Amino acid sequence: MAAINMILQGKGGVGKSFTASLLSQYLLDRDQLVGCFDADPVNATLTAYASLKATKIEIMEGDSINSRLFDTMIEKLLQLPDKAFAVIDSGASTFVPLAAYMSENNVADFLKDSGHNLTLHTLITGGQAEGDTIQGLASLMEGFPDTPITVWVNPFFGQIEFKNHKLEKANRDQGGTTIILPTYKKETFGYDLELMLKSRLTFAQAINSGKFNVMAKQRLKIARDEIWSIMDESGLIIDAQEQQE
């Protein structure tokens, strides 16, 4: 049984690929078997992280899901070995057709019947994108009431008190969880993280590269360890392993 993690959000530029890379790096650092897939037809960001060895997959034909291409992706997922993790990054342009297609075809139930478990991941953020990202979460909860959703709260674009939001409790009641990413000063930690992202480097690559000075590398280590600790507390691996057993 494999644990399949798909990142979905209809609002672009809120950190989907960043989240996909974080999840992939975290699982690898925790000695898990990980397969990365990039289904973004416009910005194939995850494949730009060379060390993650992400596989580019096509599922769209114009503005619609190509069922043949989608079936090919599913076949790749079904071939994953036991206790493996898959991380699938998808683009903003695929959100509506992909979510609708998966809901209409009961993909989550099909994967479960085939011996795999699906977890959806989405991002919400404050600032101008707050309303759009909240709406994206609400639509996923409505379309996939029996599928766990991990909500990543990204404070980079503005603060949001999601712990007090009605959707947080509703998602928790549906078996979902929330990961609140730390807030960092843009002049120091934020600058280092942004440079790392623009360079398409993992934490390990950035910390061992000559692109960052000594203190920048130290800040990246601190940020990585803090984020990994938050993800440990979320139980992502433990919950998946329990489902696999």
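Remember, predicted model here, so these are calculated numbers, not experimental data.

Caption draft 1: Just the sheet that holds strand β3 (residues 55-56), in detail. The sheet built from seven strands is open, its strands ordered β3-β2-β6-β1-β7-β8-β9 with parallel pairing. Edge positions in the sheet fall to β3 and β9 (177-180), since each of these pairs with one other strand and no more. Taken strand by strand, helix α1 (residues 16-29) contacts β1 (3-7), β2 (34-39), β6 (85-90), β7 (117-125) and β8 (149-154), and its axis lies near 165° from that of β6.

Caption draft 2: Representation of the UniProt feature "domain: CobQ/CobB/MinD/ParA nucleotide binding" (unreviewed entry) in the protein chain within the structure. With numbering matched to this structure, UniProt assigns "domain: CobQ/CobB/MinD/ParA nucleotide binding" (unreviewed entry) to residues 6-91. With 30% helix and 23% strand, residues 6-91 has its two end C-alpha atoms placed 11 Å apart.

Caption draft 3: Molecular detail of the pairing of β9. Note that β8 and β9 share four bridges and pair parallel. If you follow Trp-152 over to β9, its bridge partner there is Ile-179. Regarding the hand of the β-α-β motif, the stretch spanning β8, helix α6 (residues 166-173) and β9 is right-handed.

Caption draft 4: Here's a closer look at the pattern of salt bridges. Taken as a whole, this structure holds nine salt bridges when the rule is applied. For Glu-58, the salt bridge is made with Lys-56, and the minimal N-O distance between the two is 3.4 Å. For Glu-58, a relative accessible area of 45% translates into the label partly exposed. Residue Lys-56 is classed as partly exposed on the basis of its relative accessible area, which comes to 32%. The salt bridge involving Lys-198 is made with Glu-194; its shortest N-O contact spans 3.7 Å.

Conventions we followed
- Residues numbered from 1 in each chain as written.
- Predicted model: local features only at pLDDT ≥ 70, side-chain atom pairs only at ≥ 80, totals over all residues.
- Heavy atoms only, no water.
- Pairing = 2+ DSSP bridges.
- Helix = DSSP H or I, 4+ residues; strand = E, 2+ residues; numbered from the N terminus.
- Contact = heavy atoms within 4.5 Å.
- Axes fitted to C-alpha atoms, helices over the stretch in contact; angles between N-to-C directions.
- UniProt positions renumbered as here; feature names shortened; annotations may be inferred.
- Right-handed = clockwise from strand over helix to strand, strands pointing away.
- Salt bridge = Lys/Arg side-chain N within 4 Å of Asp/Glu carboxyl O.
- Buried < 20%, exposed > 50% of the residue type's maximum accessible area, 1.4 Å probe, protein only.

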